[in-house]
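# Structure at a glance
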Amino acid sequence: MATGARRFRVENLPRVTPENRWRTEAMRSYAQPLLLWFTRGQGRITVAGVTHGFGPHHAVFLPADTMHGYEMSGQVFGTAVYLPTDRSLNLPEEPVHLRFRDVQQQAELSVMIENLQAELQANRPGKERAMLAHAGLLAVWLDREVEAGHRQDLHPDAARRIAAAYSAMVERDYKTGRTINYFASQLGVTPTHLTRCCKIACGRSASALLADRIHFEARRLLTETRRPVKDIAQELGFNSAAYFTRAFQKHTGETPTGFRKHG
C-alpha cells in the first residue's frame, strides 16, 4: 500500500542528511498524485524504473501509486504538492517530466502553487471548493505544457518500457514475497534480460529495485508506527522475523530494532 493518503498538502522538499537520505532516495510511492517542482539544485530522479537527470525549473508529476525516488547532488530546493485522487481534476494518468526554460512558465507554476498553499493555510468559507479550483487550473496548465512539447520522453525504448512495466508490478506486488523469476515470467522475459533492462533504464538491477521498495516500506513502518517487528515482517512477505532482520540489516546496516531506536 502506498503512503501519504491525505488530500491537499504543500511542503518544501526535505533537507537531506546522511541519516534521512533514504526518505528521498529509496523507491516509494504515495496513494495520491504528487507534483515535484525543483527550483534550485540538481540530481537524478527514478520514475517507474527509469532514471533521468533533473535541475532547476524541472517539474515532475507522479500519478498515485507511482514508484519513484530521487538523489540530490548537494542541496536541492523546491516544493512537493500532494493532490487529491479526484477524477474531476483530470490529472495526467502517466508520469510527466517537464523542463521550463522560459521565465514566464516558471513564474506561472510557482504562482499556482503559492495560491494553492495560501488557500490551504487560510480558514475561509468555501476553502475546499477553492482548493479544487486551484488544482483544476494546475491540471489544465500541465496538459497545455505537455501539448506544447515540454515533456521529456520517459520510456523512449524497449528496455525502458520493460523497466517501467516491471516497476508497476513491483509496486503492486512487493509485499507478496514474489521473486525476480516471477516478475520476469509475467513480463515474458528472462531474469537476466529483466536485469539488463533495469540497468539500462536506471543503472540498478531488478533485484535492487525490488529490495529498495521493500526496505523503504520497512523503514517507514519502523519509524511511523509501533508495530512489532514480526508483524512488519509478515506484512512485507517474509517467512519469519529472523529472515526479515537479516535482510534488513544487510540492506541498511542496522537491525530493525536498532533502526527504530535511532530513526
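Here, the structure is the one placed above.
Throughout what follows, the structure given in this document is the object of discussion. Fair warning: this is a prediction, and the values are worked out from it, not measured in the lab.

### Some remarks on the side chain of Arg 219
Counting through the fold element by element, Arg 219 comes out in helix α7 (residues 206-224). Among buried Asp, Glu, Lys and Arg side chains, Arg 219 stands out as unpaired, with Asp 212 the closest opposite charge at 4.1 Å. Those residues in contact with Arg 219, other than ones at most four positions away along the chain, are Trp 22, Ala 26, Asp 212, Phe 248, His 251, Thr 252 and Phe 259.

### Notes on unusual backbone geometry
Non-glycine residue Ala 48 carries a positive phi angle of around 50°. By secondary structure assignment, the location of Ala 48 is in the loop between β2 (34-47) and β3 (50-54). Although it is not a glycine, Asp 65 sits at a positive phi angle of roughly 65°.

### Focus: the pattern of salt bridges
Across all of its chains, the model carries 16 salt bridges by this definition. One salt bridge in this structure joins Glu 128 and Arg 7, with 2.6 Å as the shortest N-O distance. Of this pair, Glu 128 sits in helix α3 (residues 127-147) while Arg 7 sits in the segment before β1 (9-12); the two residues are 121 residues apart in sequence, bridging distant segments of the chain. Judged by relative accessible area, which is 35%, Glu 128 ranks as partly exposed. Among the salt bridges present, the one from Glu 224 reaches Arg 220, with a minimum N-O distance of 3.2 Å. Taken together, the residues Glu 224 and Arg 220, both in helix α7 and 4 residues apart, mark about one turn of the helix. Owing to a relative accessible area of 15%, Arg 220 belongs among the buried residues under this scheme. Beyond isolated ion pairs, a larger network of salt bridges with shared partners links Arg 23, Glu 171, Arg 213, Glu 217, Arg 220 and Glu 224.

### Side note on helix α4 (residues 158-173)
Think of an α-helix as 3.6 residues a turn; residues three or four steps apart then line up on the same face. Relative to the 22 Å expected for 16 residues at 1.5 Å per residue, α4 spans 22 Å between its end C-alpha atoms, a close match to the ideal helical length. For α4, every residue scored as buried is listed here: Ala 159, Arg 160, Ile 162, Ala 163, Ala 164, Tyr 166, Ser 167, Met 169, Val 170, Glu 171 and Asp 173. On its buried face, α4 is in contact with β3, α5 (180-187), α6 (191-202) and α7.

### Thoughts on the nonpolar core
Grouped together as the largest cluster of nonpolar side chains are 38 residues, with contacts concentrated most on Tyr 166, Leu 194, Cys 198, Leu 210, Leu 236, Phe 238 and Phe 244. Listed by contribution, the elements that provide at least two residues to this core are α4, α5, α6, α7, α8 (229-235) and α9 (241-252). The leading source of residues in this core is α7, at 8 residues. Once residues within four sequence positions are removed from consideration, Leu 210 is found in contact with Tyr 166, Val 170, Tyr 174, Arg 178, Ile 180 and Phe 183. Judged by nonpolar contacts, the second largest core, of 23 residues, contains Trp 37, Leu 89, Leu 98 and Trp 141.

### Considering the packing of aromatic side chains
Tallying each qualifying case throughout the model produces 14 aromatic pairs. Residues Phe 38 and Tyr 70 carry aromatic rings whose centres are separated by 5.7 Å and whose planes lie at 80° to one another, so their mutual orientation is edge-to-face. Taken together, the residues Phe 38 in strand β2 and Tyr 70 in strand β5 (residues 68-82) connect sequence positions 32 residues apart. Tyr 70 carries the same exposure label as Phe 38, and that label is buried. Their ring planes at 85° and their centres at 5.6 Å tell us that Tyr 166 and Phe 183 sit as a pair that is edge-to-face. Here Tyr 166 is found in helix α4, whereas its partner Phe 183 is found in helix α5, with 17 residues between them in sequence. Residues Tyr 166 and Phe 183 agree in their burial class; the two are buried. Feature note: the residues Trp 22, Phe 216, Phe 238, Tyr 243, Phe 244, Phe 248 and Phe 259 constitute an aromatic cluster, connected by ring pairs. Taking NZ or CZ as reference, Arg 40 lies 4.8 Å from the ring centre of Phe 77, over its face.

Criteria and cut-off values
- Residues numbered from 1 in each chain as written.
- Predicted model: local features only at pLDDT ≥ 70, side-chain atom pairs only at ≥ 80, totals over all residues.
- Heavy atoms only, no water.
- Helix = DSSP H or I, 4+ residues; strand = E, 2+ residues; numbered from the N terminus.
- Buried < 20%, exposed > 50% of the residue type's maximum accessible area, 1.4 Å probe, protein only.
- Lys, Arg positive; Asp, Glu negative; His and termini not counted.
- Salt bridge = Lys/Arg side-chain N within 4 Å of Asp/Glu carboxyl O.
- Contact = heavy atoms within 4.5 Å.
- Expected span 1.5 Å × (residues − 1).
- Core = buried A, V, L, I, M, F, W, Y, C linked by side-chain atoms within 4.5 Å.
- Phe/Tyr/Trp six-rings, centres within 6.5 Å; stacked < 30°, edge-to-face > 60°.
- Lys NZ or Arg CZ within 6 Å of the ring centre and 35° of its normal.

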